[in-house]
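Below are the chains, spelled out letter by letter.
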Amino acid sequence: MTGFEPATSSSRTRRSTKLSHIPIADKGYPKGIYNQAMLLQGKKGLVLSVTNDRSIGWAIAEAATSHGAVVGIGVQNEKTRERVEPLVEGRSDYRMFQCDFMFDDQVEALVEAVKAEFGSIDFFVHSAAYANKEDLMGQFIDTSEEGFKTALTISAYSLVKLARALAPIMNDDGSIVALSYLGSVRAASNYNVMGVAKAALESEVRYLAADLGGRGIRVNTLSPGPINTVAARGVKGLIEMIDHVHERAPLKRPFGAEEVGGSAVYLLSDLSRGVTGQIIFIDNGYNIAGV
Ligand SMILES: NC(=O)c1ccc[n+]([C@@H]2O[C@H](COP(=O)([O-])OP(=O)(O)OC[C@H]3O[C@@H](n4cnc5c(N)ncnc54)[C@H](O)[C@@H]3O)[C@@H](O)[C@H]2O)c1
């Protein structure tokens, strides 16, 4: 078979029969990749930050621990600590760290605390964003310089800051994942300055992937469709956005934070060892839909 033949049912059968008879070890894949039931067994990492059990970060942490990882959950302040503590209480697969990315001394303290607890880490997930409420409604043209700086500093620059601070305690071949949204490349209603921040974040992911690739560290972006969380409720018209995406997306079943968790496990695991600088959309395919 040339590979250009139309796939008749008999050629499909022939090809799959042949492949299924080649032992995995002979296909050139590193041993162990395809027979791990627990894809993150033995790995330690951070998910920064979580607000409550509806946070995308929480779904990622739950997916990662269910695959054998030990996860350090990040909370921004005392208030969120109080909400998240009951979620991790009594769980040996969780640790908790408090850090507001805007304060350099807190980022330094985070690194020291993580070093003391874990020694080194295999991954971290940047799952945090913020913009002033008045900048997530009306017209983008009205964004103030102050509002622009706030959104970009917290939602985009924090990834660079955390990558620089945490890279020295990351193991080679580790994984960094950031969370973005389609509003980075499309003018989404009310998303405004956050779309600009996400465009910066996605670009940072590519530059960080280039910087850290020499150590085998991958840097990728997950881009979920709209999900009802505390941060997302800051965007005016969220519920209409969710309904619209679910109506128009090619896949007709509901999607939510759990689907993001599943894709995160892939990016944090050795299965994605050849993937860096990429954006994976978890939106039931909405981003490819035409009229
Ligand atoms: N919910 C959605 O529809 C959606 C879609 C695409 C992408 N995202 C992205 O997913 C990520 C997680 O958001 P979420 O929807 O789970 O909401 P969330 O409110 O549960 O999480 C946002 C987190 O950002 C943290 N944060 C904000 N400023 C911080 C700071 N200075 N220091 C430390 N932490 C800070 C908050 O404490 C909070 O835990 C964000 O990057 C968001 O933009 C969300």
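Residues numbered from 1 in each chain as written. Predicted model: local features only at pLDDT ≥ 70, side-chain atom pairs only at ≥ 80, totals over all residues.

A. Broad picture of the sheet that holds strand S1 (residues 44-48). Strands sit in the order S3-S2-S1-S4-S5-S6-S7 across an open sheet of seven strands; the sheet is parallel. Of all the strands in the sheet, just strand S3 (94-98) and strand S7 (279-282) have a single pairing partner and so form its edges. Adjacent strand axes in the sheet meet at a mean angle of 20 degrees, parallel and antiparallel pairs treated alike. By the bridge criterion, five bridges tie strand S2 (residues 70-75) to S3 in an arrangement that is parallel. Pairing of Ile-73 across the sheet is with Met-96, part of S3. Against the sheet, helix H8 (residues 257-268) contacts S1, strand S4 (121-126), strand S5 (170-179), strand S6 (218-224) and S7, and its axis sits at roughly 170 degrees relative to S6. (Pairing = 2+ DSSP bridges. Helix = DSSP H or I, 4+ residues; strand = E, 2+ residues; numbered from the N terminus. Axes fitted to C-alpha atoms, helices over the stretch in contact; angles between N-to-C directions. Contact = placed C-beta atoms within 7 Å.)

B. Quick peek at the nonpolar core. Ranked by size, the top nonpolar core spans 65 residues in total, and within it Val-47, Ile-60, Ala-64, Phe-124, Val-125 and Ala-264 carry the most contacts. Filtering out sequence-adjacent residues up to four positions away, Ile-60 remains in contact with Val-47, Val-125, Ser-127, Val-260, Gly-261 and Ala-264. (Core = buried A, V, L, I, M, F, W, Y, C linked by C-beta atoms within 7 Å. Buried ≥ 20, exposed ≤ 12 C-beta atoms within 10 Å, placed from the backbone.)

C. Structural detail: the confidence of the model for the protein. For the protein, mean pLDDT is 90; residues scoring 70 or higher make up 88% of the total. In the model, residues 1-25 has pLDDT below 50 throughout and makes eight contacts with residues more than four positions away in sequence or in other chains. (pLDDT = per-residue confidence, 0-100.)

D. Layout of the site of the ligand. Near the ligand you find 26 residues, and of these Ser-55, Ala-128, Ala-129, Thr-229 and Ala-231 are the closest. Taken together, the residues of the shell around the ligand sort by class into 16 nonpolar, nine polar and one charged. (Near = placed C-beta within 6 Å. Nonpolar A, V, L, I, M, F, W, Y, C, P; charged D, E, K, R; others polar.)

E. Molecular detail of the environment of Leu-238. The topology assignment puts Leu-238 in helix H7 (residues 238-248). Look at Leu-238 and you get partly exposed, because 18 C-beta atoms sit within 10 Å. With 49 residues separating them in the primary sequence, Leu-238 and Ser-189 have C-alpha atoms 9.6 Å apart. Non-local contacts of Leu-238, meaning those with residues more than four positions away in its chain, are made with Pro-226, Asn-228, Ala-232 and Arg-233.

F. Fine view of helix H6 (residues 192-212). For H6, with 21 residues, the first-to-last C-alpha span of 31 Å sits near the 30 Å given by 1.5 Å per residue. Within the span of H6, buried status applies to Asn-192, Val-193, Met-194, Gly-195, Val-196, Ala-197, Lys-198, Leu-201, Glu-202, Glu-204, Val-205 and Leu-208. Buried residues in H6 make contact with helix H5 (145-166), S5, S6 and S7. (Expected span 1.5 Å × (residues − 1).)

G. Examining the pairing of S2 more closely. Burial runs high along S2: six of the six residues are buried. Residues Val-70, Gly-72 and Gly-74 of S2 are buried on one face, and the alternating residues Val-71, Ile-73 and Val-75, pointing to the opposite face, are buried as well. As paired elements, S1 and S2 share five bridges and run parallel to each other. Looking at the pairing, Lys-44 lines up with Val-70 of S2. Once the chain exits S1 it traverses helix H2 (residues 56-66) before rejoining the sheet at S2, and the crossover so formed is right-handed. Crossover connection from S2 via helix H3 (residues 78-88) to parallel S3: handedness right-handed. (Right-handed = clockwise from strand over helix to strand, strands pointing away.)

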